[in-house]
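# Structural description and commentary
Chain by chain, the residues run as shown.
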Amino acid sequence: MERTLVLVKPDGVQRALVGRIIARFEEKGLRLIGLKLMAVSRALAETHYKDLAGKPFYPGLIKFITSAPVVAMAFEGPGVVAVVRKMLGATFGTAAEPGTIRGDFSTSRGLNLTHGSDSVESGAREVALWFKTEELVAWERTLDGWVYNTEDREPPKK
Ligand code: IDP
Ligand code: MG
């Protein structure tokens with residue numbers, strides 16, 4: 001099953017936006033399977049952002065992500081990677097569309113409040129990197145039949 005990692009970055013935690021950001025995903029109907037507040041070690045930050053090593057903003061990014069706690073979330077469900085990316089909006093808060101999380105709450109390039117895995121492969125890798133197996137919860141959600149199977153539901157007979 002498809003999984004994605006979402007981080008509320010240090011700016012989101014410091015700005016007290018954690019609840020509002022989590023609420024976006026809850027309201028959308030995404031199924032949460034992991035959630036924690038944590039300090040990010042330099043080693044974890046460097047592994048997570050290894051593809052960006054060498055970029056001019058990389059040292060600042062590592063400093064930023066390790067500077068204060070983050071909230072890490074894992075979501076599971078069909079198409080969840082793309083749905084989350086769309087909800088986050090474009091990378092820079094200055095460019096992100098209103099209605100997206102970055103578009104509504106960020107006016108910065110680096111301080112863009114959130115991370116979301118960029119592909120199905122990244123999602124699997126990042127959830128496994130940030131969460132231990134025992135921190136992920138497989139649970140039956142009654143809501144799922146109403147969130148994901150609408151195309152199978154017949155409209156009420158007149
Ligand atoms: P993404 O978070 O939208 O996937 P990436 O290109 O993977 O964007 O970059 C990772 C993070 O690095 C961004 O979310 C942002 O915080 C930071 N970043 C990317 N480009 C810049 C930049 O040009 N200046 C400052 N920070 C940047
Ligand atoms: Mg990225």
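Calculation rules
- Residues numbered from 1 in each chain as written.
- Chains lettered and ligands numbered in written order.
- Predicted model: local features only at pLDDT ≥ 70, side-chain atom pairs only at ≥ 80, totals over all residues.
- Heavy atoms only, no water.
- Salt bridge = Lys/Arg side-chain N within 4 Å of Asp/Glu carboxyl O.
- Helix = DSSP H or I, 4+ residues; strand = E, 2+ residues; numbered from the N terminus.
- Buried < 20%, exposed > 50% of the residue type's maximum accessible area, 1.4 Å probe, protein only.
- Core = buried A, V, L, I, M, F, W, Y, C linked by side-chain atoms within 4.5 Å.
- Contact = heavy atoms within 4.5 Å.
- Near = heavy atom within 4 Å.
- Polar contact = N/O pair within 3.5 Å; in protein donor to acceptor, adjacent residues only side chain to side chain.
- Areas by Shrake-Rupley, 256 points an atom, 1.4 Å probe, with all protein chains shown as cover.
- Nonpolar A, V, L, I, M, F, W, Y, C, P; charged D, E, K, R; others polar.

Side chains that differ in charge, positive against negative, can pair when their charged atoms come close. Applying the stated criterion to the full structure yields eight salt bridges. Residue arginine 24 pairs with aspartate 104 through a salt bridge whose shortest N-O separation is 2.8 Å. Highlighted residues: arginine 24 in helix α2 (residues 18–28) and aspartate 104 in helix α6 (residues 101–105), separated in sequence by 80 residues. Judged by relative accessible area, which is 19%, arginine 24 ranks as buried. A salt bridge links arginine 42 to glutamate 46; its shortest N-O distance comes to 3.0 Å. Of this pair, arginine 42 and glutamate 46 both sit in helix α3 (residues 42–48), four residues apart, roughly one helical turn. In this structure arginine 42 comes out as exposed when scored by relative accessible area, which is 53%. The exposure class of glutamate 46 is partly exposed, given its relative accessible area of 32%. Counted as one network, the salt bridges with shared partners bring together Arg3, Arg31, Glu76, Arg141 and Asp144.

Core analysis: the biggest nonpolar cluster contains 20 residues, and Val70, Trp130 and Phe131 have the highest contact counts within it. Sorting the residues of this core by element identifies β1 (3–8), β2 (31–38), α3, α4 (58–65), β3 (70–76) and α7 (120–130) as the ones contributing at least two each. It is α4 that contributes the most residues to this core, five residues altogether. Excluding residues within four positions of it along the chain, tryptophan 130 makes contact with Leu5, Leu7, Lys36, Met38, Val40, Leu44, His48, Val70, Ala72 and Glu135. Listed in part, the 18 residues of the second largest apolar core include Leu17, Ile22, Val84 and Leu113.

This brings us to the site of ligand 1. Surrounding ligand 1, one finds Lys9, Tyr49, Leu52, Phe57, Leu61, Arg85, Thr91, Phe92, Arg102, Arg109, Gly110 and Asn112. With respect to ligand 1, the side chain of lysine 9 contributes an N or O atom lying 2.8 Å from an oxygen atom. About the coverage of ligand 1: the protein hides 79% of its 530 Å² of free accessible area. Broken down by class, the residue content of the shell around ligand 1 amounts to five nonpolar, three polar and four charged.

On to unusual backbone geometry, then. Of note in this structure, alanine 16 is not a glycine but carries a positive phi near 60°. Secondary-structure assignment places alanine 16 in the loop between α1 (10–14) and α2. Take alanine 16: its relative accessible area is 64%, and that puts it in the exposed class. Of note, the phi angle at leucine 113 is positive, near 70°, even though the residue is not glycine. Tracing the backbone through its elements, the reader meets leucine 113 in the loop between α6 and β4 (114–116).

Turning our attention to the environment of glycine 29. Inspection of the secondary structure puts glycine 29 in the loop between α2 and β2. A sequence separation of 47 residues divides glycine 29 from glutamate 76, and the C-alpha atoms of the two residues are 11 Å apart. Discounting chain neighbours no more than four positions away, the residues touching glycine 29 are Arg141, Val147 and Tyr148.

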